[in-house]
Amino acid sequence: MKTVTVGQVTIGTGQPKIIVPMVGKTESELLTEAKMIHSLDCDLVEWRIDFFDHVQVPQIVAKLSHTLKTILKKPLLITFRTKKEGGVCELSDADYFALYQTIIAEGCLDLLDIELFMPEENVAETIDLAHKNNIKVILCNHDFNQTPAKKEIVTRLQKMQNKGADICKIAVMPQNTADVLTLLAATREMYEEHADVPLITMSMGSLGMISRVSGQLFGSAATFGSAKTASAPGQIPVAELRKMLSTLKLTQ
């Protein structure tokens with residue numbers, strides 16, 4: 001399997017890497033958040049730009065990314081999470097891709113999050129543009145209502161890989177413990193039988209919390225931990241998450 005290296009961090013080998021989301025609404029909040037996250041024991045930072053008050057002005061987003069990257073001194077993932085997949089801001093498809101084009105051209109970032117079920121042609125063009133600018137792409141899908149069948153989870157991850165994702169990510173909501181096992185089984189199957197790129201998978205909420213710390217066993221290469229405000233249900237505070245990952249690490 002290929003690994004993905006951004007800065008000094010290699011995703012897809014060793015213990016799962018810890019990603020911390022920034023969810024500030026204003027520039028001032030984000031600068032404060034970045035200074036605090038800089039000192040945390042995490043590997044990467046995700047800027048959830050759908051929380052940002054000025055997200056509809058792409059040039060402001062792109063300019064601020066340079067400042068945040070300088071403060072963080074860690075690899076930066078930029079994500080606009082659409083409302084249908086759990087985000088907080090509504091954008092048309094056209095505005096979503098225009099925003100991403102500006103960020104790719106004028107911003108400072110290492111990875112870009114793109115949702116699998118956006119229009120195929122736009123997704124392909126954006127992946128190509130990102131790669132031409134040495135930006136890695138995470139293709140993703142989030143289901144906040146249910147956990148699809150194992151076969152469907154594997155199929156979606158394969159679709160991401162086939163579309164040229166550098167990393168494939170899926171997050172699903174369990175209704176019971178069997179759903180958590182479904183997500184873990186799908187991760188193992190994809191990892192062992194199909195994956196050419198790193199995977200990030202998780203079962204959300206308190207029921208699925210075990211999936212956020214068991215990645216090294218089942219094949220998920222990164223996990224999300226919270227600094228102050230979680231960006232999704234079930235995220236574990238960073239310090240606790242690092243201890244759990246270290247305790248559960250495989251010896252080989």
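Refer to the structure printed above.
These figures come from a predicted structure and were not determined experimentally.

### Digging into the overall build of the protein
Across its full length, the protein holds eight helices and eleven strands. Expected size for 252 residues packed as a compact globule is a radius of gyration near 18 Å; at 17 Å, the protein falls within 12% of this value. Every one of the 252 residues in the protein was classed for burial, and the buried ones make up 55%. Summed over all atoms, the accessible surface of the protein reaches about 11,000 Å², with 50% contributed by carbon and sulfur. When the 26 positive and 29 negative side-chain charges of the protein are each reduced to one mean point, those points stand 6 Å apart.

### Topic: the layout of surface pockets
Approximately 290 Å³ is the volume attributed to the largest pocket. Lining the largest pocket are 19 residues, with Gly12, Thr13, Gly14, Tyr191 and Gln216 sitting closest to its centre. The element contributing the most residues to the lining of the largest pocket is helix H7 (residues 215-218), with three residues. Among the residues making up the lining of the largest pocket, the classes are represented as nine nonpolar, nine polar and one charged.

### Examining empty space enclosed by the protein
In this structure the tally under the stated criterion is two cavities of 30 Å³ or more. Empty space within the second largest cavity amounts to approximately 30 Å³. Residue lining of the second largest cavity: Ile11, Ile19, Leu44, Leu77, Leu111, Ile138, Ile167, Ile200 and Ala222, and that is the complete set. By residue class, the composition of the lining of the second largest cavity is nine nonpolar, no polar and no charged.

### Section: helix H2 (residues 58-72)
Taking 1.5 Å per residue, 15 residues should reach 21 Å; H2 reaches 21 Å between its end C-alpha atoms and fits that length. Buried within H2 are the following residues: Pro58, Val61, Ala62, Leu64, Ser65, Leu68, Lys69 and Leu72. In this structure, the buried side of H2 is in contact with strand S3 (17-22), helix H1 (27-38), strand S4 (44-48), strand S5 (76-79) and helix H3 (93-106). A positive backbone phi angle near 55 degrees is found at Lys73, which sits one or two residues after H2.

### Notes on the pattern of salt bridges
Going through the model one piece at a time under the given rule, you end up with twelve salt bridges. Of the charged contacts, one joins Lys69 and Asp110 as a salt bridge, the two residues approaching to 3.3 Å between their closest N and O atoms. A residue pair is termed long-range when its members are at least 10 positions apart, and Lys69 in helix H2 and Asp110 in the loop between H3 and strand S6 (111-115) qualify at 41 residues. Arg81 is the partner of Glu115 in a salt bridge, and the nearest nitrogen-oxygen pair spans 3.0 Å. Residue Glu115 is found in strand S6, and its partner Arg81 is found in the loop between S5 and H3; the two are separated by 34 residues along the sequence. Judged by its relative accessible area of 0%, Glu115 falls in the buried class.

Conventions and cut-offs
- Think of each chain on its own: its residues are numbered from 1, step by step along the sequence as written.
- A pLDDT threshold of at least 70 governs which residues receive local features in this predicted model, and a stricter bar of 80 or more applies before side-chain atom pairs are shown or counted, although totals over entire chains, interfaces and linings include all residues.
- As a convention, hydrogens and water are excluded, and side-chain values are obtained from all of the structure's heavy atoms.
- By definition, any uninterrupted DSSP run of H or I lasting at least four residues is a helix, any uninterrupted run of E lasting at least two residues is a strand, and each is numbered from the N terminus.
- The globule rule used here is 2.2 Å times the number of residues to the 0.38 power, and the radius of gyration it is set against is calculated over C-alpha atoms.
- The classification of residues rests on relative accessible area computed with a 1.4 Å probe and restricted to protein chains. Under 20% of the type maximum is buried, over 50% is exposed, and intermediate values are partly exposed.
- Accessible surface is estimated by sampling points in the Shrake-Rupley manner with a 1.4 Å probe; for residues, cover comes only from the protein chains shown.
- The convention is simple: Lys and Arg are positive, Asp and Glu are negative, and His and the chain ends are not counted.
- Taken as the charge location is NZ of Lys, CZ of Arg, CG of Asp or CD of Glu.
- Cavities and pockets were defined on a 1 Å grid built over protein atoms only: a cavity is a set of grid points that admits a 1.4 Å probe from which the probe cannot escape, a pocket is an open set flanked by protein on both sides within 12 Å along at least five of seven lines, and lining residues are those with an atom within 4 Å of any such point.
- Grid points are joined across faces, edges and corners, and a volume is the space filled by probe spheres set on the points.
- For this classification, the nonpolar set comprises Ala, Val, Leu, Ile, Met, Phe, Trp, Tyr, Cys and Pro, the charged set comprises Asp, Glu, Lys and Arg, and every other residue, Gly included, is treated as polar.
- Multiplying one less than the number of residues by 1.5 Å gives the expected span of a helix.
- By the convention used here, residues are in contact when the closest approach between their heavy atoms is within 4.5 Å.
- For this analysis, a salt bridge means a side-chain nitrogen from Lys or Arg found within 4 Å of a carboxyl oxygen belonging to Asp or Glu.

None of this, on its own, says anything about what the molecule does.
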